[in-house]
Amino acid sequence: MTEPLLLTAAQITTFDGQRVLTRSSGFFFERGARLYLVTSRHVLIDQPSGHYPDRIEIELHLDAADLARSTGYSVLLYREGRANWRQGRDAGGEIDVAAIEIDRAALPGTAVLRAFTPAHLQASLDEIEVGTALLIVGFPLGFHDTLHHLPVVRRAAIASSFGLRFQGQGFFLTDARTHRGTSGAPVVMRAPGSDAQLGDLPWKLLGVHSARLDMLTRDVHQDESLGLNCAWYADILLTLTRDAAEPDEPSLAEVTAEAAVDTPSASATAEDPGTRR
């Protein structure tokens, strides 16, 4: 058996019919009895680049004692013309995070995976300092352990004031070497101390990796890239995964908004992505 952290991540392959479009990263998030696959919104739809997949496929382990055994699991992105995923918006605009519910009953009976929960979200933002060590768990350029079907990990550090919305957007910056294919990867911090709620997954889910950040004015012949990345605050998941039947359960965004401080996803709301273009 491998480290539980590596079993939280899944490579996502997008398709248009039978045609492969892209490969990226994602991870599992569990809330109550519901299981979700989380990734960047632009993995599922990206109007500027004309990216309109109709389904995704992930790889699932089938045997904890033999990780070489796996199977593909396909998820339709639309039903009767309506998107199956949820995405968010806040005062700064669209949030590049999406969550799509996975039907547990349709999973193989022996499927092996691990999922983050609301307990893995960071409640006190003031405890996280700039420079804090992080890990980004994903599939850069599609690279991974193809025998055991496991992701790889890149070291990172928080590169902007954590808890503040960088330039008014709902993300913070990380300093890490990243590549295409890492979009949607979980950005985690080792949990300090011990917390029974975290079980054998002692990590705090701080963000969702989105994209590399660079300067349009950079001279490509004289200047290296900044090496900085955008990671959307993970507390948006409380909004995206909220059951409509439980409207009174607050998210971190609502709690911090009530405290009247500048916070990651303050006033964030979930929205229906609408029909397929």
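In this report, we go over the structure that sits alongside the text. Everything numeric here is computed off the predicted structure, so don't read it as measured data. (Residues numbered from 1 in each chain as written. Predicted model: local features only at pLDDT ≥ 70, side-chain atom pairs only at ≥ 80, totals over all residues. Heavy atoms only, no water.)

What follows covers the overall build of the chain. The number of helices and strands found in the chain is three helices and 16 strands. Across the chain, the fraction of contacts at a sequence separation of at least 24, relative to all contacts at a separation of at least 6, is 66%. Surface exposure of the chain reaches about 13,400 Å², of which carbon and sulfur atoms provide 49%. (Helix = DSSP H or I, 4+ residues; strand = E, 2+ residues; numbered from the N terminus. Contact = heavy atoms within 4.5 Å. Areas by Shrake-Rupley, 256 points an atom, 1.4 Å probe, with all protein chains shown as cover.)

Remark: a regular strand shows side chains that alternate across the two faces of the sheet. Of the strand pairs in this sheet, strand 8 (residues 85–90) and strand 9 (residues 93–102) are connected by six bridges, and their pairing is antiparallel. Counterpart to Gln87 in the pairing with strand 9 is Ala98. In textbook terms, the turn of a hairpin is the stretch between consecutive antiparallel strands, and for strand 8 and strand 9 this stretch comprises two residues. (Pairing = 2+ DSSP bridges.)

It is worth spelling out empty space enclosed by the protein at this point. By rolling a water-sized probe across the atoms, one finds the places where empty space is left. Counted according to the given criterion, the structure contains two cavities of 30 Å³ or more. In this structure, the second largest cavity occupies an estimated 40 Å³ of space. Lining the second largest cavity, in full, are Ile136, Val137, Gly138, Pro140, Val152, Arg154, Arg177, Thr178, His179 and Thr182. Sorting the residues of the lining of the second largest cavity by element identifies strand 10 (133–138) and strand 11 (152–158) as the ones contributing at least two each. (1 Å grid on protein atoms, 1.4 Å probe; cavity = no way out; pocket = protein on both sides within 12 Å on 5 of 7 lines; lining within 4 Å. Points joined across faces, edges and corners; volume = space filled by probe spheres on them.)

In this section: the sheet that holds strand 13 (residues 186–190). One closed barrel holds the six strands; their spatial order is 10-11-12-15-14-13, and the pairing between them is antiparallel. Each strand of the sheet is rotated relative to its neighbour by a mean of 45 degrees, with strand direction disregarded. Pairing analysis gives two bridges linking strand 10 to strand 13, with the strands arranged antiparallel. Each residue of the ladder has a partner; that of Leu135, found in strand 13, is Val188. (Axes fitted to C-alpha atoms, helices over the stretch in contact; angles between N-to-C directions.)

Under the defined criterion, the tally for this structure stands at seven aromatic pairs. On the basis of an interplanar angle of 85 degrees and a centroid distance of 5.8 Å, the ring pair of Phe27 and Phe116 is categorised as edge-to-face. Here the residue Phe27 occupies a position in strand 2 (residues 19–31), and Phe116 occupies one in the loop between strand 9 and strand 10, the gap between them amounting to 89 residues. Classification of Phe27 by relative accessible area gives buried; the value is 0%. (Phe/Tyr/Trp six-rings, centres within 6.5 Å; stacked < 30°, edge-to-face > 60°. Buried < 20%, exposed > 50% of the residue type's maximum accessible area, 1.4 Å probe, protein only.)

Another aspect to go through is the layout of surface pockets. In this structure, the largest pocket encloses a volume near 460 Å³. Considering the residues around the largest pocket, the lining is formed by 20 residues, among which Arg23, His42, Arg180, Gly181 and Ser183 are closest to the centre. Elements with a contribution of two residues or more to the lining of the largest pocket: strand 2, helix 1 (41–44) and strand 14 (203–213). Top contributing element to the lining of the largest pocket by residue count: strand 14, with four residues. Here the lining of the largest pocket is built from residues that sort into three nonpolar, 12 polar and five charged. The space that makes up the second largest pocket amounts to roughly 380 Å³. Lining the second largest pocket are 19 residues, with Arg79, Asn84, Ile100, Glu101 and Ile102 sitting closest to its centre. Elements with a minimum of two residues in the lining of the second largest pocket: strand 3 (34–39), strand 5 (70–76), strand 6 (78–79) and strand 9. Split by residue class, the lining of the second largest pocket holds nine nonpolar, three polar and seven charged. (Nonpolar A, V, L, I, M, F, W, Y, C, P; charged D, E, K, R; others polar.)

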